[in-house]
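As a plain string of letters, each chain reads:
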Amino acid sequence: MANRITSCCNSYPAAYMTQNHMPCQEKNIQAEPASPRMCQGKNLAEYARELSKLAPSLDVRAGDSFPKSRTGKTLTIHPGLLNKMQHDPEQEKATKEMIAGAEFLTKWLDGLYKATGRTLVYRHSYIDADGKYRAISYVRNDRSIKMCKKLRTQRQQNTKKLIAKTRSKAKKTAQRTAGAKLDIRC
């Protein structure tokens with residue numbers, strides 16, 4: 001059996017009055033049941049830490065949606081699903097397989113991005129309360145940015161060559177025509 005003291009004082013004078021002139025009210029209550037986020041002696045954060053061992057390259061956390069950060073690789077699992085996993089061994093097995101699959105998929109995509117010359121800015125994965133997997137990622141194509149600079153400089157050089165060639169042709173035609181005066185500015 002536990003005792004809970006129930007009195008609420010919103011100001012200093014009221015607190016002084018209740019402490020000195022009124023006895024505190026005590027209420028006998030029974031021990032409260034475990035909160036929904038506590039089960040089998042583990043809370044959700046500890047359970048998520050255990051699951052993070054299945055995906056070492058991902059930052060595994062409990063939450064309701066994708067994180068707001070725009071960096072890193074994360075896997076967010078809905079707290080309702082974590083609670084379900086603690087009570088249902090079949091759900092736990094299926095979700096653990098999904099987490100291992102998310103780890104494999106992340107590593108595979110990292111290799112693909114590296115092979116194609118892209119850079120991963122962030123990749124966020126999410127498993128909702130129903131056990132459905134969702135992912136979002138932002139990838140930057142560094143090779144095309146470098147190629148664009150290279151192509152731009154080549155295009156500028158080719159344009160300069162073409163302009164020089166056109167001017168030299170215009171000078172030659174002007175010299176051939178004896179009577180005509182052309183104003184060609186170089």
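Everything numeric here is computed off the predicted structure, so don't read it as measured data.

Draft legend 1. Quick look at the environment of H78. Counting through the fold element by element, H78 comes out in the loop between β6 (72–77) and α3 (79–87). Sequence spacing of H78 and A129 is 51 residues, and the spatial spacing of their C-alpha atoms is 5.4 Å. When residues no more than four places from it in sequence are discounted, the contact partners of H78 are G63, D64, Y126, I127, D128 and A129.

Draft legend 2. Layout of the sheet that holds strand β5 (residues 59–62). Reading across from one edge, β5-β6-β7-β8 is the order of the 4 strands in this open sheet, with mixed pairing throughout. Two strands bound the open sheet, and with one partner strand each, they are β5 and β8 (133–141). Strand after strand, the sheet turns through a mean of 15 degrees between neighbouring axes, direction not considered. One ladder, built from 6 bridges, connects β6 with strand β7 (residues 118–127); its direction is parallel. If you follow G72 over to β7, its bridge partner there is Y122.

Draft legend 3. Looking closely at the packing of helix α2 (residues 44–51) against α3. α3 packs onto α2 with a crossing angle of 80 degrees between their chain directions and a minimal axis gap of 11 Å. By the angle class used here, α2 and α3 are roughly perpendicular. Of the residues in α3, those in contact with L44, Y47 and L51 of α2 are P79, L82, N83, M85 and Q86.

Draft legend 4. Structural context of the nonpolar core. Within the largest apolar cluster, 14 residues are counted, with the highest numbers of intra-cluster contacts made by L51, L75, I77, L82, M85 and I99. For this core, the secondary structure elements donating two or more residues are α2, β6, α3 and α4 (89–115). Excluding residues that lie within four positions of it along the chain, L82 makes contacts with L44, Y47, L51, A62 and I77.

Draft legend 5. How the structure looks around the packing of α3 against α4. Remark: α3 packs on α4, axes separated minimally by 5 Å, with the N-to-C direction vectors making an angle of 125 degrees. With respect to their mutual orientation, α3 and α4 come out oblique. Where α3 crosses over α4, the handedness of that crossing is left-handed. Along the contact surface, α3 presents L81, K84, M85 and H87, while α4 presents P89, Q91, E92, T95 and K96. Split by residue class, the contact of α3 with α4 holds 3 nonpolar, 3 polar and 3 charged.

Draft legend 6. Molecular detail of the environment of L81. The residue L81 is located in helix α3 in this model. The exposure class assigned to L81 is buried, which follows from its relative accessible area of 0%. Once the C-alpha coordinates of L81 and E92 are considered, the two residues, 11 residues apart in sequence, prove to be 8.9 Å apart. The residues touching L81, leaving out its near neighbours within four places in the chain, are Q91, T95, I127, D128, A129 and G131.

Draft legend 7. Structural detail: α3. For α3, the complete set of buried residues consists of P79, L81, L82, M85 and Q86. Buried residues along α3 cover an arc of 160 degrees about the axis, so they all sit on one side.

Draft legend 8. Representation of the pairing of β7 within the structure. Where β7 and β8 come together, 9 bridges link them in antiparallel fashion. Paired with H124 across the bridge in β8 is I136.

Conventions used here
Residues numbered from 1 in each chain as written. Predicted model: local features only at pLDDT ≥ 70, side-chain atom pairs only at ≥ 80, totals over all residues. Heavy atoms only, no water. Helix = DSSP H or I, 4+ residues; strand = E, 2+ residues; numbered from the N terminus. Contact = heavy atoms within 4.5 Å. Pairing = 2+ DSSP bridges. Axes fitted to C-alpha atoms, helices over the stretch in contact; angles between N-to-C directions. Parallel < 35°, antiparallel > 145°, perpendicular 65-115°, else oblique. Core = buried A, V, L, I, M, F, W, Y, C linked by side-chain atoms within 4.5 Å. Buried < 20%, exposed > 50% of the residue type's maximum accessible area, 1.4 Å probe, protein only. Left-handed = near helix turned anticlockwise from the far one by under 90°. Nonpolar A, V, L, I, M, F, W, Y, C, P; charged D, E, K, R; others polar. Arc of directions from axis to C-beta.

Everything listed is a geometric property; what it means functionally is a separate question.
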